[in-house]
Amino acid sequence: MSATGIGAPVRRKEDFRFITGKGQYTDDINRPGQTHAAFLRSPHAHATIKKLDISEAQKADGVIAVLTGEDLAKDNVGGLICGWMIHSKDGSPMKAGSHPALAQGKVRYVGDHIAVVIAETLAQARDAVEKIHVDYELLKPVIDMAHATDSGSPVIHDVAPHNQVYDWHLGDKGATEAAFANAKHVTKLDIVNNRLIPNAMEPRAAIGDYDSGQDAFTLYTTSQNPHVARLVLSAFIGIAPEHKLRVIAPDVGGGFGSKIFIYAEETVCVWAAKKVGRPVKWTGDRTEAFLADAHGRDHITHAEMAMDDKGHILGLRVKTKANLGAYLSTFSSCVPTYLYAPLLSGQYNIPAIYVEVEGIYTNTAPVDAYRGAGRPEATFVIERMVEVAAREMGQDPAAFRRKNFIKSFPHQTPVIMAYDTGNYGASMDLALEMADYKNFGKRKRDSAKKGMLRGIGFSAYIEACGIAPSAAVGSLGAGVGLWESAEVRVNPVGTVEVLTGSHSHGQGHETTFAQLVSDRLGIGIDQVAIVHGDTDKVQFGMGTYGSRSGAVGMSAISKALDKVVAKAKKVAAYALEASEGDIEFKDGRFSVAGTDRSLAFGEVALQAYIAHKFSGQDLEPGLKEGAFYDPTNFTFPSGVHICELEIDPDTGVTRIDRWTAVDDFGNIINPMIVEGQVHGGIAQGVGQALLEGAHYDANGQLVTASYMDYCMPRADDLPNFDIGITTTPCTTNPLGIKGCGEAGAIAAPPAVINAITDALGHEQIAMPASPQAVWRAAQKSLHKLAAE
Amino acid sequence: MISVSMTVNGKAVSAKIDPRTLLVQFLRENLLLTGTHVGCDTSQCGACVVHVDGKAIKSCTTLAATCDGASVVTIEGLAHDGVLHPMQEAFRENHGLQCGFCTPGMIMSAIDIVNRKGHDLDEHTIREELEGNICRCTGYHNIVKSVAAGAHAMAGSK
Amino acid sequence: MAMTMTGEAVLPALQADVWAKLNDPAVLKACIPGCQSLETTEDNGFVAVAKVKLGPVSATFKGKVVLSDIDAPNSYKISGEGEGGVAGFAKGGAVVRLETVAEGTKLSYDVEAQIGGKLAQLGGRLINGVAKKMADEFFANFAKEVGGTPA
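Please read all numbers here as calculations on a predicted model, not as lab measurements.

Chemist: Go over the overall build of chain C with me, naming the residues and quoting the values.
Modeler: Within chain C one finds four helices and seven strands. Reading chain C from its N end, one meets helices and strands in the order β-α-α-β-β-β-β-β-β-α-α. Its C-alpha atoms give chain C a radius of gyration of 15 Å, near enough to 15 Å, the size a compact globule of 151 residues would have. Projected onto its principal axes, the C-alpha positions of chain C cover 45 × 35 × 25 Å. Burial analysis of chain C (151 residues in total) assigns 44% to the buried set.

Chemist: Give a detailed account of the sheet that holds strand β3 (residues 45-54) of chain C, specifying residues and quantitative values.
Modeler: All names here are of chain C. The strand order across the open sheet built from seven strands is β1-β7-β6-β5-β4-β3-β2, with neighbouring strands paired in antiparallel fashion. In the strand order of this sheet, the two ends are held by β1 (2-11) and β2 (35-40), each with one partner. Pairwise comparison of adjacent strand axes, ignoring direction, gives a mean angle of 20 degrees for this sheet. Bridge analysis of strand β6 (residues 89-101) against strand β7 (residues 104-116) gives 13 bridges, and the strand direction is antiparallel. Counted as the bridge partner of Val-96 is Tyr-109 from β7. Here helix α4 (residues 127-145) sits on the sheet and contacts β1, β3 and β7; the angle it forms with β1, its principal contact strand, is near 25 degrees.

Chemist: So what about unusual backbone geometry? Which residues, and what values?
Modeler: The bulk of non-glycine residues show a negative phi, and the bulk of peptide bonds are trans. Look at the link from Phe-409 of chain A to Pro-410 of chain A: it is a cis peptide, with omega at -5 degrees. Relative to the elements of secondary structure, Pro-410 of chain A occurs in the loop between α10 (397-404) and β16 (411-412). Here Ala-72 of chain C and Pro-73 of chain C are connected by a cis peptide whose omega angle stands at -5 degrees. If you trace the backbone, Pro-73 of chain C turns up in the loop between β4 (57-71) and β5 (75-83). For Asp-298 of chain A, which is not a glycine, the phi torsion comes out positive at approximately 70 degrees. Here Asp-298 of chain A shows up in strand β13 (residues 296-307). In this structure Asp-298 of chain A comes out as buried when scored by relative accessible area, which is 13%.

Chemist: Would you mind going over the pairing of strand β15 (residues 352-361) of chain A in detail, with residue names and values included?
Modeler: Residue and element names in this part refer to chain A. Most of β15 is tucked away, with ten of its ten residues classed as buried. Burial along β15 is two-sided: Ala-352, Tyr-354, Glu-356, Glu-358 and Ile-360 and Ile-353, Val-355, Val-357, Gly-359 and Tyr-361, pointing in opposite directions, are all buried. Two elements, strand β7 (residues 164-171) and β15, share seven bridges in a ladder whose sense is antiparallel. By the bridge assignment for β15, Gln-164 is matched with Ile-360.

Chemist: Just give me the short version of the side chain of Lys-58 of chain B, but keep the residues and values in it.
Modeler: Residues and elements named next belong to chain B. Among the secondary structure elements, Lys-58 is positioned in strand β4 (residues 55-58). Despite its burial, Lys-58 remains without a salt bridge, the nearest opposite charge being carried by Glu-131 at 8.9 Å. Apart from the residues lying within four places of it in its own chain, the contact partners of Lys-58 are Ser-43, Gln-44, Cys-45, Gly-46, Cys-48, Val-49 and Gly-132.

Chemist: Pulling in residues and values, what's your account of the interface of chain A and chain B?
Modeler: Bring the parts together and some accessible area is lost; that lost area is often taken as the interface size. Between chain A and chain B, the residue contacts involve 54 residues of the former and 44 residues of the latter. Together, the buried faces of chain A and chain B total about 4100 Å²; carbon and sulfur atoms form 54% of this surface. By the criterion of area lost to chain B, the three top residues of chain A are Ile-19, Met-201 and Arg-714 of chain A, representing 18% of everything that side buries. Applying the counting criterion to the chain A and chain B interface returns five salt bridges. Among the salt bridges present, the one from Arg-28 of chain B reaches Asp-28 of chain A, with a minimum N-O distance of 2.7 Å. Our enumeration of links across chain A and chain B arrives at 29 residue pairs in polar contact (both at pLDDT 80 or more). Breaking the side of chain A that touches chain B down by element, the ones donating at least two residues are α1 (15-19), α4 (122-129), α8 (286-292) and α17 (671-691) of chain A. Residue contributions to the side of chain A that touches chain B peak at eight residues, all from α17 of chain A.

Chemist: I'd love a proper account of the sheet that holds strand β14 (residues 313-325) of chain A, names of residues and values included.
Modeler: Residues and elements named next belong to chain A. Spatially, β7-β15-β14-β13-β8 is the arrangement adopted by the five strands of the open sheet, whose pairing is mixed. Edge positions in the open sheet fall to β7 and β8 (185-196), since each of these has one partner strand only. With strand direction ignored, the average angle separating the axes of adjacent strands in the sheet is 10 degrees. Pairing of β13 with β14, which is carried by nine bridges, proceeds in the antiparallel orientation. Of the residues in β14, the one forming a bridge with Ala-303 is Val-318.

Chemist: Tell me about the packing of aromatic side chains, and name the residues and values.
Modeler: All names here are of chain A. Under the defined criterion, the tally for this structure stands at 25 aromatic pairs over all chains. For the ring pair Phe-290 and Tyr-707, a centre distance of 5.5 Å and an interplane angle of 75 degrees mean the geometry is edge-to-face. Linking Phe-290 in helix α8 with Tyr-707 in the loop between α17 and β28 (721-725), this pair joins segments that are 417 residues apart in sequence. Each member of the pair Phe-290 and Tyr-707 is classed as buried.

Chemist: Please set out helix α7 (residues 264-276) of chain A residue by residue, giving values where relevant.
Modeler: Residues and elements named next belong to chain A. Taking 1.5 Å as the rise per residue, α7 with 13 residues should run 18 Å; its terminal C-alpha atoms sit 18 Å apart, in good agreement. Most of α7 sits inside the fold, with eleven of its 13 residues counted as buried. Taken as a whole, α7 has its buried residues at Ala-264, Glu-265, Glu-266, Thr-267, Val-268, Cys-269, Val-270, Trp-271, Ala-272, Ala-273 and Val-276.

Chemist: Before we move on, can you summarise helix α9 (residues 375-392) of chain A with the specific residues and values?
Modeler: Residue and element names in this part refer to chain A. Look at α9: 25 Å from first C-alpha to last across 18 residues, which is about the 26 Å you get at 1.5 Å a residue. By the criterion of burial, α9 is predominantly enclosed, with 16 of the 18 residues buried. Note on α9: the residue one or two positions beyond its end, Gly-394, has a positive phi of about 70 degrees.

Chemist: Explain the packing of helix α2 (residues 86-93) of chain B against helix α5 (residues 141-156) of chain B to me, using residue names and the numbers behind them.
Modeler: Residue and element names in this part refer to chain B. Between α2 and α5, the shortest axis-to-axis distance is 8 Å and the interhelical angle comes to 145 degrees. By crossing handedness, the relation of α2 to α5 is classed as right-handed. Along its contact with α2, which presents Pro-86, Met-87, Ala-90 and Phe-91, the element α5 presents Ile-143, Ser-146, Val-147, Ala-149, Gly-150, Ala-151, Ala-153 and Met-154.

Chemist: Any details on the packing of helix α14 (residues 509-521) of chain A against helix α15 (residues 549-575) of chain A? Residues and values, ideally.
Modeler: Residues and elements named next belong to chain A. Put simply, α14 and α15 touch, their axes get as near as 10 Å, and they point 30 degrees apart. For the pair α14 and α15, the crossing hand works out as right-handed. Seen from α14, the contacting residues are His-509, Thr-512, Phe-513, Leu-516, Val-517, Arg-520 and Leu-521; seen from α15, they are Ser-549, Met-554, Ile-557, Ser-558, Leu-561, Asp-562 and Val-565.

Chemist: Just give me the short version of the domain arrangement of chain B, but keep the residues and values in it.
Modeler: Residue and element names in this part refer to chain B. Each assigned domain of chain B is listed with its residue range as follows: domain 1 (2-77) and domain 2 (86-156). One C-alpha centre belongs to domain 1, the other to domain 2; they are set 21 Å apart. Of the residues lining the interface, 18 residues belong to domain 1; the matching set on domain 2 comes to 14 residues. Carbon and sulfur atoms supply 61% of the area that domain 1 and domain 2 bury against each other, a total of about 1200 Å² over both sides. Scanning the region where domain 1 abuts domain 2 turns up zero salt bridges.

Chemist: Now, about the environment of Ile-300 of chain A: what can you tell me, with residues and values included?
Modeler: Residues and elements named next belong to chain A. Tracing the sequence through the fold places Ile-300 in strand β13. The class for Ile-300 is partly exposed, based on a relative accessible area of 26%. On a C-alpha basis, the gap between Ile-300 and Thr-320 in space is 5.6 Å, while along the polypeptide they are 20 residues apart. Residues in contact with Ile-300, not counting those within four places in the same chain, are Met-145, Ala-146, Ile-191, Val-192, Lys-319, Thr-320 and Lys-321.

Chemist: With reference to specific residues and values, describe the side chain of Thr-138 of chain B.
Modeler: The residue Thr-138 of chain B is located in the loop between α4 (123-129) and α5 in this model. Here the side chain of Thr-138 of chain B touches Tyr-140 of chain B through a polar contact of 3.0 Å, landing on its backbone nitrogen. Setting aside residues no more than four positions away along its own chain, Thr-138 of chain B makes contact with His-679 and Gly-680 of chain A together with Gly-96, Leu-97, Gln-98 and Ile-143 of chain B.

Chemist: Report on the state of the cysteines, specifying residues and quantitative values.
Modeler: A full pass over the atoms with the stated rule returns zero disulfides over all chains. The thiol sulfur of Cys-82 of chain A is not disulfide-bonded, and the nearest other cysteine sulfur, from Cys-334 of chain A, lies at 7.5 Å.

Chemist: Please set out the nonpolar core residue by residue, giving values where relevant.
Modeler: Grouped together as the largest cluster of nonpolar side chains are 223 residues, with contacts concentrated most on Trp-659 and Ile-756 of chain A together with Phe-91 of chain B. With eleven residues, helix α18 (residues 743-760) of chain A is the single largest residue contributor to this core. Formed by 48 residues, the second largest nonpolar core is a distinct cluster that contains Met-554, Ala-556, Ala-575 and Leu-619 of chain A.

Reading guide: rules and limits
- Residues numbered from 1 in each chain as written.
- Chains lettered and ligands numbered in written order.
- Predicted model: local features only at pLDDT ≥ 70, side-chain atom pairs only at ≥ 80, totals over all residues.
- Heavy atoms only, no water.
- Helix = DSSP H or I, 4+ residues; strand = E, 2+ residues; numbered from the N terminus.
- Rg over C-alpha atoms; globule rule 2.2 N^0.38 Å.
- Buried < 20%, exposed > 50% of the residue type's maximum accessible area, 1.4 Å probe, protein only.
- Pairing = 2+ DSSP bridges.
- Axes fitted to C-alpha atoms, helices over the stretch in contact; angles between N-to-C directions.
- Contact = heavy atoms within 4.5 Å.
- Lys, Arg positive; Asp, Glu negative; His and termini not counted.
- Salt bridge = Lys/Arg side-chain N within 4 Å of Asp/Glu carboxyl O.
- Buried area = accessible area lost by both parts, 1.4 Å probe.
- Polar contact = N/O pair within 3.5 Å; in protein donor to acceptor, adjacent residues only side chain to side chain.
- Phe/Tyr/Trp six-rings, centres within 6.5 Å; stacked < 30°, edge-to-face > 60°.
- Expected span 1.5 Å × (residues − 1).
- Left-handed = near helix turned anticlockwise from the far one by under 90°.
- Domains from an automatic or database assignment.
- Disulfide = S-S within 2.5 Å.
- Core = buried A, V, L, I, M, F, W, Y, C linked by side-chain atoms within 4.5 Å.

In C-alpha cells, the structure reads:
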C-alpha cells in the first residue's frame, strides 16, 4: 500500500479550503446585477386561492417583478415531476397529482409556494411579500395518514379521490400464508417509523442566470446530481434544451438525500432570470428548509413473523402505510416500495415474504429519500421483529439472529434481491467481542444497584447500495438509468484530471477518487484533480446518493483508467521502440520486459501529446479516456451494531454508554473517511431513535419548524463510537466496494430501541424515545416489576 | 444609513450600512468574507460564530452597528502567512469535518473553548461546550478529537 | 396549532352596562391589547387592526370580527380571523356569557383559537401563555372601562 493509494487513511485534499473559510457554497456566489427572490408560502395546509392580489407588492420599493403560477402557465413551464412509476396491485399506474412550482388555484401544505417577489435587495423582496394579498377558501386538511383514505376524507388531488397514490405489493402471498399456517410461534408488532427532516447544515439555495447573447441559462444550485437536475429542468419542466442550460453544483453543505430532488425554488429562479433579465438569487432560511425540503420516513406498519418451534423464521408479512405528503417529490414513489420491501429479508434466510404498501397523500410537505431511504424503514421492521421474536421465544437475540443468518452465497431472497457475498457470522462475532457482551449481565446488575435500567440492543442490518443496474431499475419503473460516468484526462506533463458524474457534498471524493488514480497510475494525489458538479465541464452523470459513488462512480473511473493504461502502453511501445506486448506498467513506470529501458508515466503522457514517435495512421495522439459503468447488481453492505445504554427511570434520560459498529463494506479506499461516514450515519440514526420527530398539528401546522422544537443531535447527546471492520469484497464491481454512506443511519434506530426495550422489559415505546416518553414507559416497567 | 468602523482580521474597515444589518451580513455581503455561514434563523446552529473582542459570538444575531469600534476575527483571519492555526490543523488531521459548512463556526467556538477552559480538555467538557454548534455530518466523534488535539497544540504554539 | 382557554371575571357593574360596553367599539378598541383600529361594519361586526407579539414573531394583524348568537344581555359569540402577512394567521372565537351576581356581573368566556404560519412554526409553544396574558390584559382593561378592578 502506497502512502496515498488504496487503503491509506489519507488526509483530505478538500479540507484546506473548508478550514480556511474558502469553500464556495451557492450562497457565497454573487453574480453581477444580481436580484433577490423571496417566496410567499401558504400558511394553510389545504385551501383554494380565491383571489391573489399582487398589485401593492408590485409597487413596493425595489420590486422588479412579482410572479405567480399564472405566469408559469403562460410560459408553458411544466410542473415538478416524480421520476419512478409504481403500479398498484391491480396494474393501474400511481396517481400523480400535478405539482406546479407556484400554486395554480390551490395550496396543499403549509409552506407550499404561491408567488415569488424579485427585488433589488433581499429585505425589499421580503417586505414586498407582506404586501401580497391572498383570499383563501379553507378546506379541511388531511393530516393523519392512518385515516387519510377513509371515505369522506377531503380530496387533495382530483386524480386520487381517496388520497391513495398506489396500493402496491411484493412477494408471494400464497407461500407466505402457507408458512404462517405451519408456524409454531407468530410474533406481531405495530411499528411507527417517525417522520424526519433532513437538515443538511447548508440550507438550499439557487441562482438563476440568463445570457441573452447566447440564449443560455446557468443555474447554480445546491444539488447532489446536477445532470439529473438539468435533465428534469430541460426535458420535463421545459426551461431550456440541455445544451442551453448549465447547472453548477459547487461546494454543497451536506445533502443526505434532500438535495437530490428538483424543487420549486430553483425552477423559479432559473425561469425568472430570463423574465427579469438579471440573475435571480434565492437562499432558503432554516424555517423554509423545515417547511419545504422533502421530509423522510413516516411509515406505519403492522408486521407478523412466523417461526417453527426452534425459532427458525418461516415467513414474514408486512403491511405498511407510507406518507408521501402533498405532492410526489422526484423519487418519492420508489422509497417505500422498491427501496423498502426488497430489504425485508435482512440478513436472514426467510423462505416466504409478502409485503403490501399503500402510498398516501396528506397535506404535509412532500416525503422523499433521506439517508438510507426505505432501507432504514425495512431494517427497523425486521430488526425489531427478530429481537421481539427472540425475547418471546426465550432465546438470546444474538443466537436467534445467528441461527437464521444466511450462510451461503449467492443468496436469492423471495423479494427480488440476490445477495452476492457476505459473512454475517463474522461481523456478529467481532461485535460481540468488542461490545464485551459476555459481561453485559454484570454491568446490568451494577446499574440496577444504582437504580438505573441498563439495556443492550442489536441491529444486524443489510442494505442495497451502489444503486444500481439500469435495466433492472428500469423494469421496476425508474425513469432513468443508474450507471455512472467518468473521464480521465491526462495532461502532457502527466498530471491528471478526473471528470466524474458523482458529486461530493461531504464524502471526500476529491481525496478518495484521487487515491484510486494514485494507486493505478503511480502518481501522487497532488498530481490529480477531481472535477465534478458542473454540467458544462463534466459528461452526463447520475450523481451521488444511495451510497453509490464508490461502488459505481469509482468503478467508472477504474474502467477509464484501464483504457488510459492500455493506450499509454501503446504510446510507450512506440517511444521505447518495443512491441506493445512487452510493455509492463508498474509503480508509475512503463518498461520493456527484461530490459532496463523504461519511461515514467509523465514521459509517456508527453509522448502521447507530442506524437513524434508514431504516425497518426497507427495511433491517435492524446491520452484521454472515458467510461460509463453500469453495475450488474446492487451491492450489499451489512454489519452488526450493538447499542448499550442506561436509563434513569426517575428522569427518563437515556444515556448511550457504548456503541459498537462492525461493518462489512467490501474493499475500503480510505478507512478514515469510511469511519467518518459511519459516525455521521449513527448520529442521524440515534437522532431518529431518541430525539428527532417532525410533528404536524391537526390543522397541518408544522410545530417542529425550528431548532428550538426539532431536536437535532448535539455533541453531548452522543458517545464515541467503537468501529470494527470485516471484509468480504463485493463480487460485482471491479473494485470490490460495497458502499458505506448510509449504514449508520440504517443500523442505528433498531439498535437503540432494542436496547431501550431491553432495559424497560416491555416493547411499548415509540421513536423518538424522548425523556418524557421513556419516563412514562419506565413507570410502566416499575409497576410491572412491583406487580411481579 | 449609519456608519460603522471596526477591525476585521486585523484590517480597519468602515462602511455606511442599513441599521438593521447583521454582523454576518456585513461580513459576507460588504466584506465578502463568506467563510462565516448562516445555518439557521434562531441562533442555534453556530455556523456563524466569529470572535468579537476575543469572545465567540453568533454573528447572525448581532447587529453590525453594535460592533462599532470592535475587533472582529473570522475563520479567514486565523491562518497567518500560510501557516494554519493549530485548531485548523487539528480539524484536518483528525477528519473533524465532512461537508465543511459548520466547520468555520466549529473552529471559532473550539478556540473560544480553549481560551476559556484551558488546554487540557476532557471529552465531557468538549461535548458540553459544543452545545451551541450543530454538525449533521460527523456525529461529533472526530470533532471532539479535533478540539482536544487542537487545544493541546495551542498550548505548544504559545 | 389550536388552543383553548376558559376563564371568568366578576365585574363591579350592572349586567346591562357590561353588555353595552361589550358591544361598544370604542371600549373594545381600548381593551384589546395592541388594537390600533376597530371599526364597525354592517353585519354585526368590526374590522380590526392589532399588533401582536408572540416570542420572536411580531405582526400586525388585519381581520374581521363578527358577533353572532346574540342573546342580549346574556351572551354572544365573538369570532374573528386575521392575516398577519408572512407571520401567518390567527383565527378563533369566544363565547362570552354574563350573569348577575351579588358583587355585580360575572363574565365567563370559552376561547378557541388557532394560529398558523410563522406564528405556529416559531412561536407555537408560547401561544397558551401569550393568549392567557392577552385575555388577562383585556379583562383588566375592560374592568377599568366598566369602573373598578376585576374581582
